[in-house]
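In case you want the letters, here they are:
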Amino acid sequence: MNTQERYEAYSLGNYAVPPAISIVEGQGAYVWDEARRRYLDMTSGIAVTALGHSHPEWVKAVQEQAATLSHCSNIFGNPNQAKLAEKLVEKAGPGRVFFCNSGAEANEALIKFARLWGYKQSGEVEGKKYKIVVADTAFHGRTFGGMSATPQPKIQKGFGPLLPGFTVAKYNDIESFENAIDAETAAVFIETIQGEGGIRPFQLEFLRKLRALCTEKNILMLIDEVQCGIARTGKFFAYQHAEIKPDAIGMAKGLGNGFPIGAVWISEPHHSVFTPGTHGTTFGGSPLAS
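In this text, all values refer to a predicted model and were calculated from it rather than measured experimentally.

Draft legend 1. The layout of surface pockets, seen in detail. Volume-wise, the largest pocket comes out at about 1300 Å³. The wall of the largest pocket is formed by 44 residues, among which Y15, G45, I46, V48 and K253 lie closest to the centre. Elements with a contribution of two residues or more to the lining of the largest pocket: α1 (3–10), α2 (44–47) and α5 (103–121). Among the elements that take part in the lining of the largest pocket, α5 stands out by supplying three residues, more than any other. Here the lining of the largest pocket is built from residues that sort into 22 nonpolar, 15 polar and seven charged.

Draft legend 2. Local environment of the nonpolar core. Counting 36 residues, the largest nonpolar core has F177, V188, I190, L210 and M251 as the members making the most contacts within it. Put simply, the parts of the chain that give this core at least two residues each are α4 (79–92), β5 (131–135), α8 (174–180), β7 (185–191), α9 (204–217), β10 (220–224), β11 (248–251) and β12 (262–267). Among the elements that make up this core, the one with the highest residue count is α9 (five residues). Discounting chain neighbours no more than four positions away, the residues touching M251 are L88, A106, E225, V226, I230, F237, G262, A263 and W265. Among the nonpolar cores identified, the runner-up in size contains 22 residues, and A149, F166, L222 and A248 belong to it.

Draft legend 3. Structural view of the environment of A231. Along the polypeptide, A231 turns up in the loop between β10 and β11. Sequence spacing of A231 and Q65 is 166 residues, and the spatial spacing of their C-alpha atoms is 25 Å.

Analysis parameters
- Residues numbered from 1 in each chain as written.
- Predicted model: local features only at pLDDT ≥ 70, side-chain atom pairs only at ≥ 80, totals over all residues.
- Heavy atoms only, no water.
- 1 Å grid on protein atoms, 1.4 Å probe; cavity = no way out; pocket = protein on both sides within 12 Å on 5 of 7 lines; lining within 4 Å.
- Points joined across faces, edges and corners; volume = space filled by probe spheres on them.
- Helix = DSSP H or I, 4+ residues; strand = E, 2+ residues; numbered from the N terminus.
- Nonpolar A, V, L, I, M, F, W, Y, C, P; charged D, E, K, R; others polar.
- Core = buried A, V, L, I, M, F, W, Y, C linked by side-chain atoms within 4.5 Å.
- Buried < 20%, exposed > 50% of the residue type's maximum accessible area, 1.4 Å probe, protein only.
- Contact = heavy atoms within 4.5 Å.

Purely spatial values, then, with no claim about function.
As structure tokens, this is what we get:
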């Protein structure tokens, strides 16, 4: 039985067809299949292998850490996680970092952050300030929160009722975003450059106006940089081209160059919203991932 036959026999079937090509090796910008045919990798594992496949420094770091300590609970500290948090704060600005395992988990944390912030802003009244404004053709993941924030029928169909509280505004239309905000709104949540929506960047002037609008309305500006961040646009975060500061950022993909890791940065005025017991993770920020 070959690899494709095993996929057909044992895999769930949530992908359209079993993969016609099975990749067994990668070096730099190239990958090889089981028949030793070489391909130029034009996907980078969907924006993941930012340093290329099997980068020697990455391989060395993974090998050395795997031989030392791969995992410990977040009940304990580990130096790698602390150092990585420090580096991300240096990139994003004053704030604090939470580590997870994926972009979807990072976005879930952002949604929980917005809800918890709104709860505290409303005097700890449930459901009084909870709504999140998202852009049409956005994509924020396939978990229930991320899917509910993704106004695309192909993603949402069959999973209703979805998580309530998401209002949809028109991409790059500041008036549409302003009209979508009401007294129950806690946050605006966008990708700096939409990925699954068709590689559509938000205009820099729109981002500046949106930052000003969020400040004026006293709501959070949340940025999903899972796919467009980690130096893909020439700056560490894509929103930095607009010279703005969001209130929180979700990231993953290129952060680990192939080893799963996600992270959330929350700005200095808001990092105390999460208190002990309000969020957590088993694997996030492990010594090996960090």
